[in-house]
Each structure stands twice: as C-alpha cells, then as structure tokens.
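Here are the chains, one letter per residue:
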Amino acid sequence: MLEVKELCAIRDERILFENLSFAIDSGELVQVEGRNGTGKTTLLRIITGLGDRDEGEIFWNQETIESSRDSYHQDLLFLGHQTGVKRELTAFENLNFYQSIHGTKNVTKDALYNALLKVGLAGREDVPVGQLSAGQQRRVALARLWLSEQKLWILDEPLTAIDKQGVKVLESLFLNHAESGGIVILTTHQDMFADNPKLRKIKLGD
C-alpha cells in the first residue's frame, strides 16, 4: 500500500498543494487530475522520491520511502515526460539496455521483441530511435511496461503522442496490472476507464 500523509509542496513561493493525504491499495488505478500548473507532475515526482516536498511523509508498505529506499525503488517503475531513450540506439537496444540496468534479469530476446510488438513497433525494432517519430519514441519507453515486474507504476502523461488504438492497448494493460494486484498512478488529459469502478481520481487545485 502507498500512503501519503499531510503532503505540502511550495514552488516559487506558491503553494501547489498542502495537507494532501490519501492511501492507495493494491489493485487500484488512480488518475491525478487538475489544470496545468496545479502540481500534478510535482506530486508524482515527490511520490517517486525524485522531487522535494516541504512537509509530509510518504509510506510504502508502512515504511517511509526514505527508510526503505532500495526496496521501494525495486517495486517502482516511473515514466515521466522525458522518454529516457537513447537516440543513437535502436528500439531493441534501448529496451535491452534498460532491462539490463533497471529491469528483470535474463529477459529473452523474444520477450523484448514481443514487448516492442505490443506497442506497435514491429518492423521498427532495429531503427535508431532518433529516426522515429515522437509517438514511436514514446512507445519504446512504454514497452518497458510489458516486461515490468514492479508492483507500483507511476506514469506522467503516458498517452502523449499515442493514437487511439495505442490508448486502448494501454488501457487494457493498466487494468490487467491492477487486476493482478499492482497499482497504477497516472496523469492524462484523455478520458480513460469510463465508468470503471477500479478508477479513483485525485484532483489538485480548485
């Protein structure tokens, strides 16, 4: 379980949010909503441990994320605005490199190719990422999700530059992850999971 208690973030002498508390259990999908500038990205970065907070505590399985840093990061997969891919490497090489550093060990080549197939990059696996479109570069990063054994997924605008078919595929993946006991926290401007009882929303701002 992820628990946030009395969180406060101040940027440029402006309070983005304060006294923010919530708990997210296994099997939940959570969408963080709010206008631009209300602190959605800031909140996600604070939860991952990449951003500073002014007040409050964050707990993962009843331990603070500072005291359980190594185990927390082993359970966490974060995809931010930046794709984090290397332009000089191919899609396959990017995914293979990421898995060797951050992912599951001993992943087969077939598993890597299958992940790229899932995100619609069949036939583009050996093309340098710098030659791919913005949407295709985003898909290279998203392919990590199909290989992930991390329980907690935190995704900042994962649907940017993704077409409608790609959105449907990701919706299904997110739901499957939640149904298998995982947690998905995301921001998006798209309407996802319509009327799905698993979806919770946290709204920042007015």
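Whatever comes next refers back to the structure up there.
These figures come from a predicted structure and were not determined experimentally.

### Observations regarding the sheet that holds strand β1 (residues 2-11)
In step 1: Strand order in the open sheet formed by four strands is β2-β1-β4-β5, with antiparallel pairing between adjacent strands. Looking at which strands have only one partner, the edges of the open sheet turn out to be β2 (14-24) and β5 (63-64).
In step 2: Pairing geometry for β1 and strand β4 (residues 55-60), over five bridges, is antiparallel. Across the sheet, Lys5 pairs through a bridge with Glu57, a residue of β4.
In step 3: Its contacts with the sheet place helix α1 (residues 40-48) against β1, β2 and β4, and it is angled at close to 125° to β1.

### Points about the nonpolar core
In step 1: With 37 residues, the main nonpolar core has Leu29, Leu145, Trp153, Leu155, Leu170, Phe174 and Phe193 as its most contacted residues.
In step 2: Going through the elements one at a time, β6 (76-79), α3 (91-102), α4 (109-118), α5 (134-142), α6 (144-147), β7 (152-156), α7 (164-179) and β8 (183-187) are the ones with two or more residues in this core.
In step 3: When residues of this core are assigned to their parent elements, the largest contribution, six residues, is made by α7.
In step 4: Grouped together as the second largest cluster of nonpolar side chains are 26 residues, Leu16, Leu44, Ile65 and Ile202 included.

### A look at the pattern of salt bridges
In step 1: All told, the structure shown has seven salt bridges when counted by the stated rule.
In step 2: In this structure, the salt-bridge partner of Arg53 is Glu66, at a minimum N-O distance of 2.9 Å. One end of the pair, Arg53, is in the loop between α1 and β4; the other, Glu66, is in the loop between β5 and α2 (69-75), with 13 residues separating them in the sequence.
In step 3: Overall, Glu66 belongs to the partly exposed group, its relative accessible area being 35%.
In step 4: When salt bridges with common partners are traced through the structure, they connect Arg53, Glu57 and Glu66 into a single cluster.

Here is what the cut-offs are and how they apply
Residues numbered from 1 in each chain as written. Predicted model: local features only at pLDDT ≥ 70, side-chain atom pairs only at ≥ 80, totals over all residues. Heavy atoms only, no water. Pairing = 2+ DSSP bridges. Helix = DSSP H or I, 4+ residues; strand = E, 2+ residues; numbered from the N terminus. Contact = heavy atoms within 4.5 Å. Axes fitted to C-alpha atoms, helices over the stretch in contact; angles between N-to-C directions. Core = buried A, V, L, I, M, F, W, Y, C linked by side-chain atoms within 4.5 Å. Buried < 20%, exposed > 50% of the residue type's maximum accessible area, 1.4 Å probe, protein only. Salt bridge = Lys/Arg side-chain N within 4 Å of Asp/Glu carboxyl O.

Nothing here speaks to function; it is geometry throughout.
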